[in-house]
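Structural description and commentary
Okay, here's what each chain looks like letter by letter:
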Amino acid sequence: MTERTRSDAEELYQATIVDHDRAPRNAGSLPDATDHATVDNPLCGDVVTVHARITDGIVHDLRFEARGCALSRAAASIMTTLVRERSTDESRRLAAAFEQFVQAAPDAAIPEDLGELRAFAGVRRFRSRRVCATLGFRALLAVIDRRT
């Protein structure tokens, strides 16, 4: 990737994070949730709660509440749009793929199958920010783990 192309990609990713932070999708409580879980990052104070309605192994609906940085709020917002109507197994695989992605070297390839989650490529340069980006998925996995 050339410097100009990398810069263009980083600008696009930054715009995605800003958009989901300012106008989060699926934010708030979920009155008919079957379960919820809260996770936090004690190093920075971010807290994400996921409320989900899961039946027959399908995540039919989910919402999140988050307090903290733009990264944790935006990642939770994007996560909710990608997981809705997926099986819990598919949701686990996406969570694992995202975790692997943010733990990768900063110059590692950016997988296309992550959709808007690719916006978090920049956190790979900052170990302390990786946890912020994965809080939403960690809360979702806690919900799924309780149900299985």
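See the structure above.
Our subject in this report is the structure included herewith.

About the criteria used
- Within any chain, residue numbers begin from 1 and follow the written order of that chain's sequence.
- A pLDDT threshold of at least 70 governs which residues receive local features in this predicted model, and a stricter bar of 80 or more applies before side-chain atom pairs are shown or counted, although totals over entire chains, interfaces and linings include all residues.
- The side-chain values count all of the structure's non-hydrogen atoms but skip hydrogen atoms and water molecules.
- Each helix is a run of DSSP H or I of at least 4 residues and each strand a run of E of at least 2, with the numbering of both proceeding from the N terminus.
- Multiplying one less than the number of residues by 1.5 Å gives the expected span of a helix.
- For the exposure calls, accessible area comes from a 1.4 Å probe over protein chains only, and a residue counts as buried if that area is under 20% of its type's maximum, exposed if over 50%, partly exposed in between.
- What the arc covers is the set of directions going from the helix axis to the C-beta atoms.
- In what follows, residue pairs with any heavy atoms lying within 4.5 Å of each other are defined as contacts.
- As used in this record, nonpolar core signifies buried Ala, Val, Leu, Ile, Met, Phe, Trp, Tyr and Cys residues forming a set joined through side-chain atoms within 4.5 Å.

What follows concerns unusual backbone geometry. Phi is positive for Asn26, close to 60°, though the residue is something other than glycine. Among the structural elements, Asn26 can be located in the loop between helix H1 (3-22) and strand E1 (35-41).

Its 16 residues give helix H3 (residues 88-103) an end-to-end C-alpha distance of 22 Å, which sits within 8% of 22 Å, the value for a rise of 1.5 Å per residue. Three or more residues of H3 are buried, namely Thr88, Ser91, Leu94, Ala95, Phe98, Phe101 and Val102. Down the axis of H3, the sector holding all buried residues measures 140°, keeping them to one side. More than 90 degrees from the buried face of H3, the exposed residues found are Arg93 and Gln100. Against strand E2 (46-55), strand E3 (58-67), helix H2 (70-83), strand E4 (86-87) and helix H4 (127-147) lie the buried residues of H3.

Of all hydrophobic cores here, the largest spans 38 residues; its most connected members are Phe120 and Phe137. Put simply, the parts of the chain that give this core at least two residues each are E1, E2, E3, H2, H3 and H4. No other element matches H4, which puts 8 residues into this core. Dropping the residues within four chain positions of it, Phe120 is found in contact with Ile17, Leu71, Ala74, Ala75, Ile78, Phe98, Phe101, Val102 and Ala133.

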